[in-house]
Each structure stands twice: as C-alpha cells, then as structure tokens.
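Chain residues, written in single-letter form:
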Amino acid sequence: MLLNGLFAPLNPPVNEWRDQRVWLVGASSGIGAALARELARRGARIAVSARREQSLHDVLDEVGGSPNQRPVDALVLPLDVTNAGALAAARDAIVAAWGGVDVVVWLAALWVPMRADNFDLAAARRTIEINQIGALNLLAAVLPVLLDQGRGQLVLTASVAGWGGMPKALAYGQTKAALNHLAETLWIDLHPRGIGVSVVNPGFVDTPATATNTFTMPALISADEAAIRILAGISAGQFNIHFPRRFTGVLKFLRLLPIRCWFAVIRRTTGM
Ligand SMILES: NC(=O)c1ccc[n+]([C@@H]2O[C@H](COP(=O)([O-])OP(=O)(O)OC[C@H]3O[C@@H](n4cnc5c(N)ncnc54)[C@H](OP(=O)(O)O)[C@@H]3O)[C@@H](O)[C@H]2O)c1
C-alpha cells in the first residue's frame, strides 16, 4: 500500500490532449511557441499570450504551414504579465470562449546574465517583476477558476538554475528557486481540491533566450524536444518535470551531497 503510494502519479494524468483547453503564458517564442505548435498538432484548444502579438499569430500560422490551417478556435491574448489586470482580462476571455480551462502553463521569463561584478539592480528588479510577480499575477487570475472547477492543471516553468547557485544567474536563479517553492506549496493546497500542480525544470534549451549565451551549454536540446518532454511529464502526472535527464539527473544527485560538492562541480565544469 505504502509502496503503491510512492510510485503513484502526483497529479491527475492527462491521457488525451485532443480538446484539452490549454493557456500558454509566454508563447511567442522558444519553448512556449514549440508547446503551442505541438499542442495544436495534437488537437488541443490553445490560448497563447505574451507581449508580441504578431509573433503569437506567427506561431499559430506555423502549426499547419499556412494561415488557413491554423487552429480554428485558438485564442490570441497579448498581454504583459506584469499587468495583473491584463491577465484577469485574458482569463475572462478564455472562460467566455471555452467555459473554463484545463491546463495553464506559465513560461514567461526574463534572462539577464548577471554576476556580482556586473550587478544591475534595475535588471534584477525587472527579472523578479516578470519571472516571479508575473507568476503571482497569473495565479491571482486563474486560482478562482481552477478552484471553482475543482479540476485542472497548473504548470510552472522554472529552471535547474533554481536548484542551486550557478554562475551568471544572480537575479534569474532566485526567481526560479522561488517558483519551485511556490509549486510545492501550491501542490499541498491544490492536490486535495483535485487540481494538478507541476514544475518544469529544463536544462539548456536552444531558444532566443539562450542564443546569446557565450558559455558552453551542456546537453543542449531543441525547443521542440523540450515541448515533447513537458507534455509527456504532464500526461504522466509528474510533479517535477525535468530534462534532459542525462544533465538534470546529475544535478539532482549533486544536491543530495554536501554543498561543497555542488560548488566544486559547478566551478570545475563552467570554469567560472
Ligand atoms: N531556454 C532554456 O535553456 C531554459 C532553461 C531553463 C528554463 N527555461 C525557462 O523556460 C521558459 C521559456 O523560455 P525560453 O527559453 O523559451 O525563452 P524565450 O524564447 O525568451 O521565451 C520567453 C517568453 O516569455 C515571454 N515574456 C517575457 N516577458 C514577458 C512579459 N513581461 N509579459 C508577457 N510575456 C513575456 C516572451 O514573449 P514576449 O517577449 O513577446 O513578451 C516569450 O514568449 C522561461 O520560463 C525560461 O526561464 C528556459
């Protein structure tokens, strides 16, 4: 009995994506755009949000290869996640169009490489405002709907940079650590109410955000592969969806050891 509990999915599995109503917040490029394309291919109903409206349209046009083939009832809801009212208005538009929402995926983020010798307070504040407060703005918008439905899934995209100290992640890393904590706390509150909560911790993914990185990115994967891993994790009812395992598995193991092991490996492998 106890062993069964240890291996049971932590969230209600999603067995079929067709007709699932999915809201992607941060879908104009990178992993979010790849998720939109993959979900549309699988027949899900998608709402896409980010600031760049034309890019959101372009993402939908890419699904079928031509504007005429884009998903018929896809919703384009441009917004800035630092504006709580805009997220609430987009939520209202989704509920009006679909009557509810099944899966909400948080992807929006700002990545500004920063170390102690180029600390930039304004950029650090902006990073927190988007990555962390933005996620809270989304929560404020969707929690009432999910609680009222008594079902649905909330997926927060964090990063392995939130698992421990890493070079250049001075502002970004702490926001991703906060999202991991937020997801755990939400799971405790929402699981008994029938609502799934998961946190996505990717390693390095080839996207516009990482295109300017000047350091070697180990185990780099494509955004399309990341999207497939995320959907597989949600489908399986996983709480902590991390990939690629050949990279994230090593980091997870290191976290079990004394912190000096983490410091030593991170310094040696990054040369920083
Ligand atoms: N790529 C990686 O290696 C990697 C690794 C670990 C975690 N992640 C995480 O994965 C997620 C997706 O990242 P990505 O690599 O795909 O980066 P990306 O291509 O830069 O995508 C970021 C998305 O966030 C949106 N966004 C940023 N600020 C926003 C704002 N104020 N309001 C609304 N939307 C905003 C962007 O759209 P607009 O600019 O149009 O607003 C864009 O759609 C992020 O949470 C990132 O931290 C990525």
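Described below are features of the structure shown in this document. Every chain is numbered on its own, with residues counted from 1 as its sequence reads. Reporting of local features is limited, given that this is a predicted model, to residues whose pLDDT is at least 70; pairs of side-chain atoms are given and counted only at 80 or more, and all residues count toward the totals for whole chains, interfaces and linings. Excluded from the side-chain calculation are hydrogens and water; included are all heavy atoms of the structure.

Secondary structure elements follow DSSP: runs of H or I no shorter than four residues count as helices, runs of E no shorter than two count as strands, and numbering proceeds from the N terminus. On a plain count of helices and strands, the protein comes out with nine helices and nine strands. For the protein, whose C-alpha radius of gyration is 18 Å, the value lies close to the compact-globule estimate of 19 Å for 272 residues. Considered along the principal axes of its C-alpha atoms, the protein spans approximately 50 × 50 × 35 Å. Throughout, exposure labels follow a simple rule: accessible area from a 1.4 Å probe, protein chains only, divided by the maximum for the residue type, with under 20% read as buried, over 50% as exposed, and the rest as partly exposed. When burial is assessed residue by residue, the protein has 50% of its 272 residues classed as buried. For the protein, restricting intrachain contacts to residue pairs at least 6 apart in sequence, the fraction spanning at least 24 positions comes to 70%. The protein chains shown are the only cover counted for residues, whose accessible areas, like all others here, come from Shrake-Rupley with a 1.4 Å probe. Taken as a whole, the protein presents about 12,900 Å² of accessible surface, with 57% of it coming from carbon and sulfur. Each charge sign in the protein was given a centre, from 25 positive and 20 negative side chains, and these centres are 9 Å apart. Only C-alpha atoms enter the radius of gyration; for comparison, a globular chain is expected to reach 2.2 Å times N to the power 0.38, where N is the number of residues. Any two residues having at least one pair of non-hydrogen atoms within 4.5 Å are treated as being in contact. We score Asp and Glu as negative and Lys and Arg as positive, and we do not count His or the chain ends. We put the charge of a Lys on NZ, of an Arg on CZ, of an Asp on CG and of a Glu on CD.

Moving on to the packing of aromatic side chains. Pairing of aromatic rings covers Phe, Tyr and Trp, the last counted by its six-membered ring, and requires centre-to-centre distances within 6.5 Å; plane angles under 30 degrees mean stacked, over 60 mean edge-to-face, and any other angle means tilted. Applying the stated rule across the entire model yields three aromatic pairs. Residues Trp111 and Tyr172 carry aromatic rings whose centres are separated by 5.0 Å and whose planes lie at 70 degrees to one another, so their mutual orientation is edge-to-face. Here Trp111 is found in the loop between strand S4 (103–106) and helix H5 (121–149), whereas its partner Tyr172 is found in helix H6 (residues 172–190), with 61 residues between them in sequence. Just as Trp111 is buried, Tyr172 falls in that class too.

Attention now goes to the pairing of S4. Alternating residues of S4 divide into Val103 and Val105 and Val104 and Trp106, and every residue in both groups is buried. Pairing of strand S1 (residues 21–25) with S4, which is carried by four bridges, proceeds in the parallel orientation. Note that in S4 the partner of Trp23 across the bridge is Val104. In this description, strands pair whenever DSSP reports at least two bridges between them. Judged from the four bridges that link them, S4 and strand S5 (residues 153–157) form a sheet pairing that is parallel. Bridging across to S5, Val105 finds its partner in Val155. With H5 bridging S4 and its parallel neighbour S5, the resulting β-α-β unit is right-handed. By convention, a crossover is right-handed whenever its connection, traced from the first strand over the helix to the second and viewed with the strands pointing away, goes clockwise.

What follows is about the pairing of S1. By the criterion of burial, S1 is predominantly enclosed, with five of the five residues buried. What you see with S1 is no split at all: Arg21, Trp23 and Val25 on one side and Val22 and Leu24 on the other are buried throughout. Taken together, the five bridges between S1 and strand S2 (residues 45–49) define a ladder with parallel strand orientation. Within S2, the residue paired with Arg21 across the bridge is Arg45. What joins S1 to S2 is helix H2 (residues 30–41), and the crossover it makes is right-handed.

Among the 29 residues in the neighbourhood of the ligand, the closest are listed as Arg51, Arg52, Tyr172, Val205 and Thr207. Between Asp80 and the ligand, the recorded distance is 3.0 Å, taken from a side-chain N or O atom to a nitrogen atom. Two N or O atoms form a polar contact when they lie within 3.5 Å of each other; inside protein one atom must be a possible hydrogen donor and the other a possible acceptor, and for residues adjacent in sequence the pair counts only when both atoms belong to side chains. Between the ligand and Lys176 there is a distance of 2.9 Å, counted from an oxygen atom to a side-chain nitrogen or oxygen. Taking 870 Å² as the accessible area of the ligand by itself, protein coverage stands at 93%. Secondary structure elements with two or more residues in the shell around the ligand: H2 and H6. Gly falls in the polar group here, along with every residue not listed as nonpolar (Ala, Val, Leu, Ile, Met, Phe, Trp, Tyr, Cys, Pro) or charged (Asp, Glu, Lys, Arg). Across the shell around the ligand, the residue classes break down as 16 nonpolar, nine polar and four charged. We call a residue near a molecule or strand whenever a single non-hydrogen atom of that residue lies within 4 Å of it.

This part takes up the side chain of Thr157. Mapping Thr157 onto the fold places it in strand S5. Engagement of the side chain of Thr157 in a polar contact is seen with the backbone oxygen of Trp106, the distance being 2.7 Å. Once you skip the residues sitting within four places of it in the chain, Thr157 turns out to touch Val105, Trp106, Leu107, Lys176, Leu179, Val200 and Pro202.

It is worth spelling out the layout of surface pockets at this point. Using a grid of 1 Å spacing that covers the protein atoms alone, one calls a set of points a cavity when a 1.4 Å probe fits there but cannot get out, and a pocket when the set is open and has protein on both sides within 12 Å along at least five of seven lines; lining residues are those with an atom within 4 Å of a point. Grid points are joined across faces, edges and corners, and a volume is the space filled by probe spheres set on the points. Looking at the largest pocket, its volume works out to about 1,400 Å³. Along the wall of the largest pocket there are 50 residues; nearest its centre are Trp111, Tyr172, Thr207, Ala209 and Thr210. Considered class by class, the residues forming the lining of the largest pocket number 31 nonpolar, 14 polar and five charged. The space that makes up the second largest pocket amounts to roughly 200 Å³. Considering only residue class, the lining of the second largest pocket consists of eight nonpolar, two polar and three charged.

Here we come to H6. Take the number of residues in a helix, subtract one, and multiply by 1.5 Å to get its expected span. Here H6 is 19 residues long and its end C-alpha atoms lie 27 Å apart, about the 27 Å a rise of 1.5 Å per residue gives. Looking only at H6, the buried set comprises Tyr172, Gly173, Thr175, Lys176, Leu179, Asn180, Leu182, Ala183, Leu186 and Leu190. Along its buried surface, H6 packs onto S4, H5, S5 and strand S6 (196–202).

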